[in-house]
There are 6 protein chains.
Amino acid sequence: DFLQGLSEVKPAFGASPKDLELSRPKGFVDCGDRERLIYERVMYLVEQVKVNERGPPVTCLLEGPSGSGKTALAATIGIDSEFPYVKIVSAVTMNGLHESKKCAHITKVFEDAYKSPHSIVILDKIERLLDYTEIGPRFSNEITHTLLNFLEQSPPEGNKLLVLGTTSNVTFLKAVGLRNAFSVTYSVPLLRTEEAKKVLEQLNVFSEDDIDEAAQALNDVPIKQLYTVIEMAAQRDGRSKEAIVYNREEKLNITHFLNCLEEVTADI
Amino acid sequence: DFLQGLSEVKPAFGASPKDLELSRPKGFVDCGDRERLIYERVMYLVEQVKVNERGPPVTCLLEGPSGSGKTALAATIGIDSEFPYVKIVSAVTMNGLHESKKCAHITKVFEDAYKSPHSIVILDKIERLLDYTEIGPRFSNEITHTLLNFLEQSPPEGNKLLVLGTTSNVTFLKAVGLRNAFSVTYSVPLLRTEEAKKVLEQLNVFSEDDIDEAAQALNDVPIKQLYTVIEMAAQRDGRSKEAIVYNREEKLNITHFLNCLEEVTADI
Amino acid sequence: DFLQGLSEVKPAFGASPKDLELSRPKGFVDCGDRERLIYERVMYLVEQVKVNERGPPVTCLLEGPSGSGKTALAATIGIDSEFPYVKIVSAVTMNGLHESKKCAHITKVFEDAYKSPHSIVILDKIERLLDYTEIGPRFSNEITHTLLNFLEQSPPEGNKLLVLGTTSNVTFLKAVGLRNAFSVTYSVPLLRTEEAKKVLEQLNVFSEDDIDEAAQALNDVPIKQLYTVIEMAAQRDGRSKEAIVYNREEKLNITHFLNCLEEVTADI
Amino acid sequence: DFLQGLSEVKPAFGASPKDLELSRPKGFVDCGDRERLIYERVMYLVEQVKVNERGPPVTCLLEGPSGSGKTALAATIGIDSEFPYVKIVSAVTMNGLHESKKCAHITKVFEDAYKSPHSIVILDKIERLLDYTEIGPRFSNEITHTLLNFLEQSPPEGNKLLVLGTTSNVTFLKAVGLRNAFSVTYSVPLLRTEEAKKVLEQLNVFSEDDIDEAAQALNDVPIKQLYTVIEMAAQRDGRSKEAIVYNREEKLNITHFLNCLEEVTADI
Amino acid sequence: DFLQGLSEVKPAFGASPKDLELSRPKGFVDCGDRERLIYERVMYLVEQVKVNERGPPVTCLLEGPSGSGKTALAATIGIDSEFPYVKIVSAVTMNGLHESKKCAHITKVFEDAYKSPHSIVILDKIERLLDYTEIGPRFSNEITHTLLNFLEQSPPEGNKLLVLGTTSNVTFLKAVGLRNAFSVTYSVPLLRTEEAKKVLEQLNVFSEDDIDEAAQALNDVPIKQLYTVIEMAAQRDGRSKEAIVYNREEKLNITHFLNCLEEVTADI
Amino acid sequence: DFLQGLSEVKPAFGASPKDLELSRPKGFVDCGDRERLIYERVMYLVEQVKVNERGPPVTCLLEGPSGSGKTALAATIGIDSEFPYVKIVSAVTMNGLHESKKCAHITKVFEDAYKSPHSIVILDKIERLLDYTEIGPRFSNEITHTLLNFLEQSPPEGNKLLVLGTTSNVTFLKAVGLRNAFSVTYSVPLLRTEEAKKVLEQLNVFSEDDIDEAAQALNDVPIKQLYTVIEMAAQRDGRSKEAIVYNREEKLNITHFLNCLEEVTADI
Ligand SMILES: Nc1ncnc2c1ncn2[C@@H]1O[C@H](COP(=O)(O)OP(=O)(O)OP(=O)(O)O)[C@@H](O)[C@H]1O
Ligand SMILES: Nc1ncnc2c1ncn2[C@@H]1O[C@H](COP(=O)(O)OP(=O)(O)OP(=O)(O)O)[C@@H](O)[C@H]1O
Ligand SMILES: Nc1ncnc2c1ncn2[C@@H]1O[C@H](COP(=O)(O)OP(=O)(O)OP(=O)(O)O)[C@@H](O)[C@H]1O
Ligand SMILES: Nc1ncnc2c1ncn2[C@@H]1O[C@H](COP(=O)(O)OP(=O)(O)OP(=O)(O)O)[C@@H](O)[C@H]1O
Ligand SMILES: Nc1ncnc2c1ncn2[C@@H]1O[C@H](COP(=O)(O)OP(=O)(O)OP(=O)(O)O)[C@@H](O)[C@H]1O
Ligand SMILES: Nc1ncnc2c1ncn2[C@@H]1O[C@H](COP(=O)(O)OP(=O)(O)OP(=O)(O)O)[C@@H](O)[C@H]1O
Ligand SMILES: [Mg+2]
Ligand SMILES: [Mg+2]
Ligand SMILES: [Mg+2]
Ligand SMILES: [Mg+2]
Ligand SMILES: [Mg+2]
Ligand SMILES: [Mg+2]
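In every chain, residue numbers begin from 1 and rise along the written sequence. Throughout, the order in which chains and ligands are written sets their labels, letters from A for the former and numbers from 1 for the latter. Where local features are concerned, this predicted model is filtered to residues with pLDDT of at least 70; where side-chain atom pairs are given and counted, the filter is 80 or more; whole-chain, interface and lining totals use all residues. Excluding hydrogens and water, the side-chain figures rest on all heavy atoms present in the structure.

To continue, consider the overall build of chain A. A count of helices and strands for chain A gives 13 helices and 5 strands. Rg of the C-alpha trace for chain A: 20 Å, near the compact-globule value of 18 Å for 268 residues, within the 12% margin. Reported as C-alpha extents along the three principal axes, the dimensions of chain A are approximately 60 × 45 × 30 Å. It only takes one pair of heavy atoms within 4.5 Å for two residues to be counted as in contact. A sequence separation of at least 24 residues applies to 78% of the contacts in chain A between residues at least 6 apart. Surface exposure of chain A reaches about 10800 Å², of which carbon and sulfur atoms provide 48%. Side chains of chain A carry 30 positive and 40 negative charges; the gap between the two charge centres is 5 Å. For helices the rule is a DSSP run of H or I covering at least 4 residues; for strands it is a run of E covering at least 2, with both sets numbered from the N terminus onward. Two things to know: the radius of gyration comes from C-alpha atoms, and the globule rule equals 2.2 Å times the number of residues to the power 0.38. Per-residue accessibility takes into account occlusion by the displayed protein chains alone, with areas from the Shrake-Rupley method and a 1.4 Å probe. None of His or the chain ends enter the tally, which takes Lys and Arg as positive and Asp and Glu as negative. Charge positions are represented by NZ for Lys, CZ for Arg, CG for Asp and CD for Glu.

Below is the structure:
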């Protein structure tokens, strides 16, 4: 059971690598059926890896708006796979390296993966791995082709691999041919009102009276901004000395919450 | 006989190089008349190589949609030629090399070929050999001209060569002059319903009742996606522990198959 | 009280770093409610930093027309935070360094910040940090991605960070993805007539008769140009030997002031 | 007599350099009046070289569609000139050299030419010498200017030079100023039906019944494709073991010939 | 008095640096009220520098058509300031230096200026300092940002600086942000008929009868071309052996003058 | 007298440098009033150089269609000046040098010129000195600015300089600012019928009957092509063994001449 699994996440996978946990700093709450379906489908691919014959790796791309929860989902799948080798490649982990050093780092991650019978490599926010900037546009063609090659290259006999990518710019990934280098792509959605409500209930920061008004205002807001707004609003309530924001007895002031939401989502 | 030849592929050419076999990880099934015709025409060129007088190499380009089976076809021809030297040049084999090292690698392959009385050089997915990316566009002009030169240069007296190219971007190859550097170009097609059915029969994954519905849904789907969908669907049937997917007694659930097909071919 | 705080700025924070003070060479006068509101909101973020759990830094961008007072505001918040580590990164402090040396400098600033329990890093005039020039456009992609990474990377356990950015070109920052790397953006406005009047009163350079005419002419003028014009006009009054311009007994000649204003704001 | 000369080509100039012969691997057949006229005009220039006073070299460009026979014509003129120094500069001979090494090679060829009383330098497929690719476009500006300089520079007293260029992209050569650096340009045409027939008669591959049908289909086909199609068709006749294709007793099957022609000229 | 000052220029400032004098090879004549007003305004800035508090330098840009006299004006102000440090940075003084050496040279000039209590740095023809060429456009982004930084950076306590820029391409300077890095910009005009007449009277090259016709023809002509035309015309009068052109007894032939003017101002 | 001077050119200036003579390999014939007027005007500038006071060099640009005789004219002026230092800078003399070596060469030429009391520097075909190619466009910005600097920089006290430029692309020179760096520009025209006739009379290659027909056909043809056509036509007359083409007793065949003219001027 998916929800069951979610509630047990922290204790159950204490052995999972540090950087997977850091990739989902708020843990993992239930965001509704749409995200759960994606979780299940990718978990099927995790199973498929185990039985695959020799050939290219199993590959899957998670795309969706910025802050919609793609990295958290990929990290959770990595943790839940219980595979001996799960590695996340992110721009932050390669910060400051030169282009060809980044290629070498990526190569190293895949070669390490090839040493394990079952592995997952998460390519997080692929546009950022390529140092992509829309103006120009600029990006590393060398890293692009390194990724294309590893998405296509067969691991050695006996080693099986799942490559999980995330992106908030699937249009760019199409243009450089990386979208089609993944066998399948799933779209991680923004929260709808009812899903936002579900999340708010789990976070337990509103009184029952306010929760509907809050959820209504959160329609199509990325879950990332939801966390930001809650933490900003908590200050304005004058409670900045109490460290724990979530599950507190005293609830958030809905006006402060709506003000912060407006500031954070303003189109400047 | 072509079909006859196909069924014997594995035993007959066990001596063929490893990377040719890896280039067609699913072996080679009969995809219908259209592909067979191309196979035959290229095999005539194989024969022609043997009698050619001194002059530029015999050259042929296989173009077609991504995943339509061009690489598998080229590898099969390489194997079936029984030539003493058959070499495949692919982006994966040159991964991580710098531009001029790639030129050196290509030069080495041709110079080795020149040492054999009859040789085949397969230039696989030429746009990728050039590190081509549509944005910009970016590609290696140096590698482009290296290929142009080897397509035109006469091997030494007594050595005869067939150069077989593959591409899924013939428009780009035209633009850089590589399309016309090949004497002849053949278009490898997507599977039509009746061809897809033929393939499904050979793979033996559907009950007789479902095979027509499956084939209907597969019209104009690349054979690559057909394999992907079968392997994904096999998981959803809850049979992930049984390693061999093809020719199994228990057949695929058609609904799972159609779901997976939809996911894999979705236009995201 | 905000205004109370303002008048005490100089004595109260004598310990603040030299370069913060140099970033607001005219001290900090009250510019009216609109700027004060921004000051308060950012001060809430300063408080929030103290209670934040592990995760990415708290981030905030101040945008607005050139000369509107963004740097002075950011410096004032840095001073008022009384945080043990407050560092301003500006183009001038990195003058003459090569691109990758600039990245190294920025990295050093963040790594130093990570050593302090509470820190503020001010990224001043981000477009200039990137050596941005509209023609081309030209800018450093390497520095862009260095900033993106530090805006997203979690400081080590126990260290908490506020990143404050300023820009007068939020359109460019959007285009390179830096605008959205900040959780919230506030717009620092130009002076309106009534705000200009308030500032002129504090600077005490006009007789009561002239102050309204001066303020009227200053509608939507950046505070930077206000200071420029006052200092130019003071010369034309033939008082160039008296060093102190502000709070002088003898007031400015309104005609000279209006002439200078016209010269300075002329659209050449 | 031109035709007389043609038939004697092989025996008469056995002493000519190897690479000139390799540049016309099929020898040199009579392609009709239009090509002959160009041959004669360029032979006048060959004569002119001998009497020229000191000054820039005599220069002539042969342009025309790809495969129309420009290189074969230039090589034939080089052979027929009986000049002590005749050198062909082609992309293949400079394969793998860096840009400035190519300039050095070209410089060397001209300096060697300057040592001979009468010389011919053939600049073959000039766009390829410049590593030209239409996309971008990309080409070597350094090589462009090296050629411009040698086309204009006077050889030393007593040394006389003819520079013969070939190109299938006169539009590009105009754009880089190389077209006008040649004193005169002649257009080498595609074969018309009657010219194709003349060639077929000399090659003696068709029965008298078929030759008109074949010639009709060959209207405006480059002579290069004519050779390609003949050699492909010869295989399909099932005669692949007989090495010599031309002047054979058994004639070509016209249907195979037309099929091959269609494949080779298909617009893919 | 401005005019008074002008007539005394040469004797009074014999101590001024050589390169300032070379920047106005014709000395400095009175060009009328419009230029005089600019001279006076900039001299106010010179005075302002002396009383300025710590902060960014006083900055002023002189823009106007090529040859209108901007450099001569800036050099004259530099001389008249009697400041201990007056330095002109021009493209000619940095000829042949590489980009970063040019930045180093500029840095050195400012650092030297910082050692003097009062200094003027003249940035002459800023577009040329940046190696600007309209095609492309091309220019040095590194030098651009070096200048931006020095226009904004505060000199050390006790050192005061005026930066005077000149440009004949204020549009370009706007585009790279340098126009707005100067506090105020003044437009140096072309000569109007009455101003041209004033200059001609001072140069004393025409008889009284011709001076009006000459002045009429000179409307909107840069003063630079006026000098060029006079010197050309003097040759055609057949007086080429008399070295001194100005203030001669024998006057210019008005027809020769008008011919030369037409040649020099022709729009070819 | 200009014509008088022309006929004496060869004997009178035998001492002139070799490369000036090579720049006008056909000597210098009278091309009519229009060219003569330019010659005279530039000779006035030559005189002007001698009396110039300290300041920038005298500068003059000769522009006009390719082959119209600009280089020959500039070389003739250089020879006729009898200046102790006359140097021609051409693309050919800098062939193969790298960009900055070319700048060094140009710098050396000017520095040598500065050592002579009177000098002429001819910048021949300036677009070629800059390695200009229309596609891109490409050209050396470094050489552009080197030239701009030397056109503006004052030679040392006592040394006087005339800079003579030639170009067949004044549009490009405008775009890079070089056109306006010259004080005056003269347009060297193509031959009109009557001027062509004058030239033909001097060359003495036609019978009196044919000369008008020939001249008619030569309207607006560059003098360069006139020489080319004469020399080509002389071959076709079957007189290739007689070395001297001009002033021969036997005249040209007008039909051969017109044929060659058509071939040479054809728009391919
Ligand atoms: N299901 C979830 N449960 C708890 N927290 C979540 C969940 N999904 C996302 N978050 C949190 O929301 C924030 C944004 O999520 P995440 O970084 O995964 O989004 P993203 O789609 O990867 O964004 P980006 O496109 O910017 O990379 C993170 O703090 C993350 O931990
Ligand atoms: N005739 C065939 N028999 C068996 N398997 C095939 C056949 N053709 C293709 N395949 C398999 O289908 C997949 C895709 O084929 P292949 O890689 O040759 O396609 P492609 O056209 O080269 O694709 P791309 O354009 O992406 O390079 C491979 O796994 C290949 O082994
Ligand atoms: N509130 C204030 N009190 C006193 N002086 C101020 C205030 N705001 C701005 N100034 C002064 O006005 C000038 C311009 O302000 P500042 O440099 O902060 O503007 P900015 O918005 O950062 O400009 P830019 O966009 O050019 O960086 C400075 O001299 C600054 O000290
Ligand atoms: N007159 C001829 N007689 C015999 N063979 C010829 C003749 N002309 C061309 N060929 C042959 O036809 C083929 C193409 O000719 P060639 O290479 O000279 O064409 P091209 O115009 O130079 O082509 P490209 O533009 O591709 O360089 C060659 O094999 C050449 O030997
Ligand atoms: N007021 C003046 N008195 C005497 N000579 C002057 C005066 N103004 C300009 N000149 C002379 O006119 C010529 C052009 O002036 P200057 O070089 O200052 O113009 P500029 O505007 O700087 O031109 P550019 O835009 O090309 O740099 C110079 O020879 C200069 O000495
Ligand atoms: N007046 C002349 N008398 C004799 N020969 C001349 C004369 N003018 C030009 N020529 C000859 O005509 C040819 C072309 O002249 P030249 O090279 O000077 O032309 P150009 O205008 O410099 O051409 P380009 O634009 O290509 O540099 C040369 O051989 C030159 O010697
Ligand atoms: Mg993410
Ligand atoms: Mg393939
Ligand atoms: Mg600022
Ligand atoms: Mg050729
Ligand atoms: Mg100037
Ligand atoms: Mg010339």
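By a frequent convention, interface size equals the accessible area lost on bringing the separate parts together. The partner chain C presents 25 residues to the 33 residues of chain E that form the contact. Accessible area that two parts lose when put together, evaluated with a 1.4 Å probe and summed over both, is termed the buried area. Interface of chain E and chain C: buried area, both sides summed, is about 2900 Å²; carbon and sulfur atoms make up 49% of it. If you sort the residues of chain E by the area they bury against chain C, Val-51, His-145 and Asn-149 of chain E come out on top, with a joint share of 19%. Whenever a carboxyl oxygen of Asp or Glu lies within 4 Å of a side-chain nitrogen of Lys or Arg, that contact is scored as a salt bridge. Salt-bridge contacts for Glu-263 of chain C lead to Arg-41 of chain E; the nearest nitrogen and oxygen are separated by 3.0 Å.

Opposite the 33 residues of chain C that make contact, chain A presents 25 residues. Summing both sides of the interface, chain C and chain A together bury roughly 2900 Å²; the carbon and sulfur share of this comes to 49%. Broken down by secondary-structure element, the contributors of at least two residues to the side of chain C that touches chain A are helix H4 (33–51), helix H8 (141–152), helix H9 (170–175) and strand S5 (184–187) of chain C. Counting residues per element, the side of chain C that touches chain A draws most heavily on H8 of chain C, which supplies 8 residues. We call Asp, Glu, Lys and Arg charged. Ala, Val, Leu, Ile, Met, Phe, Trp, Tyr, Cys and Pro are nonpolar, and the rest, Gly among them, are polar. Within the side of chain C that touches chain A, the residues separate by chemical class into 13 nonpolar, 12 polar and 8 charged.

Residue and element names in this part refer to chain F. The length a helix should cover is 1.5 Å for every residue beyond the first. With 12 residues, helix H4 (residues 70–81) extends 16 Å from end C-alpha to end C-alpha; this agrees with the ideal 16 Å at 1.5 Å per step. Residue burial is assigned from relative accessible area. The probe radius is 1.4 Å, only protein chains are included, and a residue is buried under 20% of its type maximum, exposed over 50%, and partly exposed in between. Burial within H4 is extensive, with 11 of its 12 residues counted as buried. Each element contacted by the buried residues of H4 is listed here: helix H2 (18–22), helix H3 (33–51), strand S1 (58–63), strand S2 (85–89), strand S3 (118–123) and strand S4 (160–167). One or two residues past the end of H4 sits Glu-82, with phi positive at roughly 55 degrees.

A few words on the site of ligand 6. All names here are of chain F. Near is defined per residue: the residue qualifies when any heavy atom it owns lies within 4 Å of the molecule or strand. Close contacts around ligand 6 come from 21 residues, with Val-29, Gly-69, Lys-70, Thr-71 and Ala-72 the closest. With respect to ligand 6, the side chain of Ser-66 contributes an N or O atom lying 3.1 Å from an oxygen atom. Within the backbone of Gly-67, one N or O atom sits 2.8 Å away from an oxygen atom of ligand 6. Against a free-state accessible area of 620 Å², the protein chains account for coverage of 92% of ligand 6. Distance and chemistry together define a polar contact, namely a pair of N or O atoms within 3.5 Å, with one atom able to donate a hydrogen and the other to accept it when in protein, and with adjacent residues in sequence counting only for side-chain atoms on both sides.

All names here are of chain C. The immediate surroundings of ligand 3 are formed by 21 residues, with Val-29, Gly-69, Lys-70, Thr-71 and Ala-72 found nearest. Here an oxygen atom of ligand 3 and a side-chain polar atom of Lys-70 are 2.6 Å apart. A distance of 2.7 Å separates an oxygen atom of ligand 3 from a polar atom in the backbone of Ala-72. Considered class by class, the residues forming the shell around ligand 3 number 8 nonpolar, 7 polar and 6 charged.

The two copies are related by a screw operation: chain C maps onto chain A through 60 degrees of rotation and 0.0 Å of translation along the axis, at an RMSD of 0.0 Å. Classification of the inter-copy transformation places it as that of a six-fold axis. Considering only C-alpha atoms, the part of chain C nearest the rotation axis is Gly-136 of chain C, at 8.6 Å. A low fraction, 3%, of the interface residues of chain C reappear at the interface in chain A, so the copies pair through non-equivalent surfaces. Superposition of the copies used a least-squares fit over C-alpha atoms from residues whose pLDDT is at least 70 in both.

We now examine unusual backbone geometry. Of note, the bond from Gly-136 of chain B into Pro-137 of chain B is cis; its omega dihedral lies within 30 degrees of zero at -10 degrees. When you line up the elements, Pro-137 of chain B lands in the loop between helix H6 (126–129) and helix H7 (141–152). In this model, Asp-220 of chain D sits at a positive phi of 65 degrees, which is unusual for a non-glycine residue. Tracing the sequence through the fold places Asp-220 of chain D in the loop between helix H10 (208–217) and helix H11 (223–236). Residue classification places Asp-220 of chain D among the partly exposed positions, given a relative accessible area of 48%. Located in the positive-phi region is Asp-131 of chain F, a residue other than glycine, with phi close to 55 degrees. Locating Asp-131 of chain F in the fold gives a position in the loop between helix H6 (126–129) and helix H7 (141–152). A residue is classified by how much of its surface remains accessible, and Asp-131 of chain F, at 18% relative accessible area, is buried.

Our next topic: the relation of the copies chain E and chain C. Superposing chain E onto chain C takes a rotation of 60 degrees combined with a translation of 0.0 Å along the rotation axis, leaving an RMSD of 0.0 Å. Different-surface contact between copies: only 3% of interface residues of chain E are shared with the interface of chain C.

This part is about the packing of H4 of chain C against helix H5 (residues 70–81) of chain C. Two quantities define a packed helix pair, namely the angle between the helix axes and the distance between the axes. All names here are of chain C. Axis lines are fitted through C-alpha atoms, for helices just across the contact stretch, and the angle between N-to-C directions can take any value from 0 to 180 degrees. Interaxial distance between H4 and H5 falls to 11 Å at its minimum, and their mutual angle equals 45 degrees. Overall, the two elements H4 and H5 adopt an arrangement that is oblique. At the point where H4 passes H5, the crossing takes the right-handed sense. The segment H4 lies against H5, with Glu-35, Ile-38, Tyr-39, Val-42, Met-43 and Val-46 engaging Leu-73, Thr-76, Ile-77, Asp-80 and Ser-81. An angle below 35 degrees is treated as roughly parallel, one above 145 as roughly antiparallel, one from 65 to 115 as roughly perpendicular, and anything else as oblique. The handedness criterion is simple: a crossing whose near helix is rotated anticlockwise from the far helix by less than a right angle is left-handed, and one whose near helix is rotated clockwise is right-handed.

Residues and elements named next belong to chain E. Structurally, Gly-55 is set in the loop between helix H4 (33–51) and strand S1 (58–63). Sequence separation between Gly-55 and Ser-90 is 35 residues, and the spatial gap between their C-alpha atoms is 26 Å. In this view, Gly-55 contacts Ser-154 and Pro-155; residues no more than four positions away in its chain are not counted.

So, about the side chain of Glu-195 of chain F. Residues and elements named next belong to chain F. Summarising the element assignment, Glu-195 is placed in helix H9 (residues 193–203). Classification of Glu-195 as buried rests on a relative accessible area of 8%. Within the structure, Glu-195 has its side chain in polar contact with the backbone nitrogen of Arg-192 (distance 2.8 Å). In this structure, Glu-195 is in contact with Cys-31, Gly-32, Arg-34 and Leu-190, ignoring residues within four places of it in sequence.

This brings us to the packing of aromatic side chains. To pair, rings of Phe, Tyr and Trp, with the six-membered ring standing in for Trp, must have centres within 6.5 Å; the planes then decide the type, stacked if under 30 degrees apart, edge-to-face if over 60, and tilted in the middle. Under the criterion given, the structure shown has 30 aromatic pairs over all chains. When the centroid spacing of 5.5 Å and the interplanar angle of 70 degrees are considered together, the rings of Phe-139 of chain D and Phe-172 of chain D count as edge-to-face. Residue Phe-139 of chain D is located in the loop between helix H6 (126–129) and helix H7 (141–152), and its partner Phe-172 of chain D is located in helix H8 (residues 170–175); the two are separated by 33 residues in the primary sequence. In this structure, Phe-139 of chain D and Phe-172 of chain D share a single accessibility class: buried. Centre to centre, the rings of Phe-206 of chain F and Phe-257 of chain F are 4.8 Å apart; their planes meet at 90 degrees, and the pair counts as edge-to-face. Here Phe-257 of chain F lies in helix H12 (residues 254–265) and Phe-206 of chain F lies in the loop between H9 and helix H10 (208–217), a separation of 51 residues in the sequence. On the accessibility criterion, Phe-206 of chain F (5% relative accessible area) is buried. On the basis of relative accessibility, which here comes to 0%, the residue Phe-257 of chain F falls in the buried class. One aromatic cluster in this structure is built from Tyr-132, Phe-139 and Phe-172 of chain A.

Another point: the confidence of the model for chain A. Confidence of the predictor at the level of single residues is given by pLDDT, which spans 0 to 100. For chain A, the average pLDDT comes to 91, and 92% of its residues sit at 70 or higher. Interface confidence for the predicted complex, expressed as ipTM, amounts to 0.94; the pTM equals 0.94.

Okay, the arrangement of the chains next. In this assembly chain B lies apart from chain C, the nearest approach of their C-alpha atoms being 15 Å. One finds no contact between chain C and chain F; the C-alpha atoms of the two approach each other to within 15 Å at their closest.

A separate point is the sheet that holds strand S5 (residues 184–187) of chain F. All names here are of chain F. When DSSP locates at least two bridges between a pair of strands, those strands are taken to pair. Read across the open sheet, the 5 strands follow the order S2-S3-S4-S1-S5; overall the sheet is parallel. With one partner strand each, in any of the chains shown, S2 and S5 form the two edges of the open sheet. Adjacent strand axes in the sheet meet at a mean angle of 15 degrees, parallel and antiparallel pairs treated alike. Pairing geometry for S1 and S4, over 6 bridges, is parallel. The residue of S4 that forms the bridge with Cys-60 is Leu-164. Relative to S4, H3 is tilted by about 155 degrees, and along the sheet it contacts S1, S3, S4 and S5.

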